[in-house]
Amino acid sequence: MSFTVSRNGRLALLNVATQGVHLWDLQDRVLLQKYQGVTQGFYTIHSCLGGMSEDFIASGSEDHKVYIWHRKSELPVAELTGHTRTVNCVSWNPQIPSMLASASDDGTVRIWGPAPSLDGDDPEGESSCPDYTPC
C-alpha cells in the first residue's frame, strides 16, 4: 500500500494490506522484520524510519494510534494515542530526530516529542523505549 526507502538506500519499509509493516534489505533482497500491532487493511497508511540513525520505525494505524518500534524488535516500544480516526501518515523531523508528526482522518496533525525525562534518558529520544507526548 505504501513504500519508503532509508536515507542510505539500503532499506525499504513497506505497508502491506492486512499484513502490517515490513522492513526489507534491498541489497540482500531479504525480509528483515515484520512489525506487530498496527491495524491496516482498508486505508493506505504511510510509515517511516526515523531517529538519529533511522533506528526507529513509526506507523499510523486504523485503530487511531501511532506505533513506534525499534528497528530490530517486532513489538512496539510505544503506542501513541490522541487521534480519533485512522492515522494515515507519520513523519520524523529530519532536523530534530526526537520529533514526530502524525496526520489523521480526524482532520488533525499532531506533533510528538519525548516526555520530560526524570532519570537522565537521552534528550534526543534515542532511548530503547521512547515515551512520547503531544507537543
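Residues numbered from 1 in each chain as written. Predicted model: local features only at pLDDT ≥ 70, side-chain atom pairs only at ≥ 80, totals over all residues. Heavy atoms only, no water.

## What about the overall build of the chain?
Check the secondary structure of the chain and you find zero helices and twelve strands. Going residue by residue from the N terminus, the α and β elements of the chain occur as β-β-β-β-β-β-β-β-β-β-β-β. Pairs at least 24 residues apart make up 38% of the contacts formed inside the chain by residues separated by at least 6 positions. In the form shown here, the chain has an accessible surface area of approximately 7100 Å², with 51% of it arising from carbon and sulfur atoms. (Helix = DSSP H or I, 4+ residues; strand = E, 2+ residues; numbered from the N terminus. Contact = heavy atoms within 4.5 Å. Areas by Shrake-Rupley, 256 points an atom, 1.4 Å probe, with all protein chains shown as cover.)

## What to know about the nonpolar core
Counting 13 residues, the largest nonpolar core has A58, V66, I68, L80, V90, W92 and L100 as its most contacted members. Of all the secondary structure elements, the ones that give two or more residues to this core are β6 (56–60), β7 (66–70), β8 (78–80) and β9 (87–92). Among the elements that make up this core, the one with the highest residue count is β9 (three residues). Judged by nonpolar contacts, the second largest core, of ten residues, contains L11, Y35, L49 and I57. (Core = buried A, V, L, I, M, F, W, Y, C linked by side-chain atoms within 4.5 Å. Buried < 20%, exposed > 50% of the residue type's maximum accessible area, 1.4 Å probe, protein only.)

## Topic: the side chain of S59
Topologically, S59 is positioned in strand β6. Setting aside residues no more than four positions away along its own chain, S59 makes contact with N15, V21, V38, I45, S47, K65, V66, Y67, W69 and V90.

## A short note on the sheet that holds strand β1 (residues 2–5)
Spatially, the four strands line up as an open sheet ordered β1-β2-β3-β4, and their pairing is antiparallel. The open sheet is flanked by β1 and β4 (30–35), the only strands paired with a single partner. Each neighbouring strand pair of the sheet contributes to a mean axis angle of 20 degrees, computed without reference to strand direction. Alignment of strand β2 (residues 11–16) against strand β3 (residues 20–25), held across six bridges, turns out to be antiparallel. Paired with V16 across the two strands is G20, which belongs to β3. (Pairing = 2+ DSSP bridges. Axes fitted to C-alpha atoms, helices over the stretch in contact; angles between N-to-C directions.)

## Section: the confidence of the model for the chain
Chain-level pLDDT for the chain is 87 on average; 86% of the residues reach the 70-or-more range. Taken as a whole, residues 122–129 scores under 50 in pLDDT and shows 17 contacts with residues more than four places along the chain or in a different chain. (pLDDT = per-residue confidence, 0-100.)

## Section: the pairing of β3
With five of six residues buried, β3 is to be regarded as a mostly interior element. Where β2 folds back on β3, the antiparallel hairpin that results is connected by three residues, among which T18 adopts a positive phi of roughly 60 degrees. Note that β3 and β4 share five bridges and pair antiparallel. When the sheet's bridge partners are listed, H22 is paired in β4 with K34. A loop of four residues connects β3 with β4, the two strands running antiparallel in sequence, and R29 in this loop sits at a positive phi of about 55 degrees.

## A look at the packing of aromatic side chains
What the rule picks out here adds up to four aromatic pairs. Ring geometry for F56 versus W92: centroids 6.5 Å apart, planes at 40 degrees, classification tilted. Of this pair, F56 sits in strand β6 while W92 sits in strand β9, and the two are 36 residues apart along the sequence. For F56, a relative accessible area of 2% gives the class buried. (Phe/Tyr/Trp six-rings, centres within 6.5 Å; stacked < 30°, edge-to-face > 60°.)

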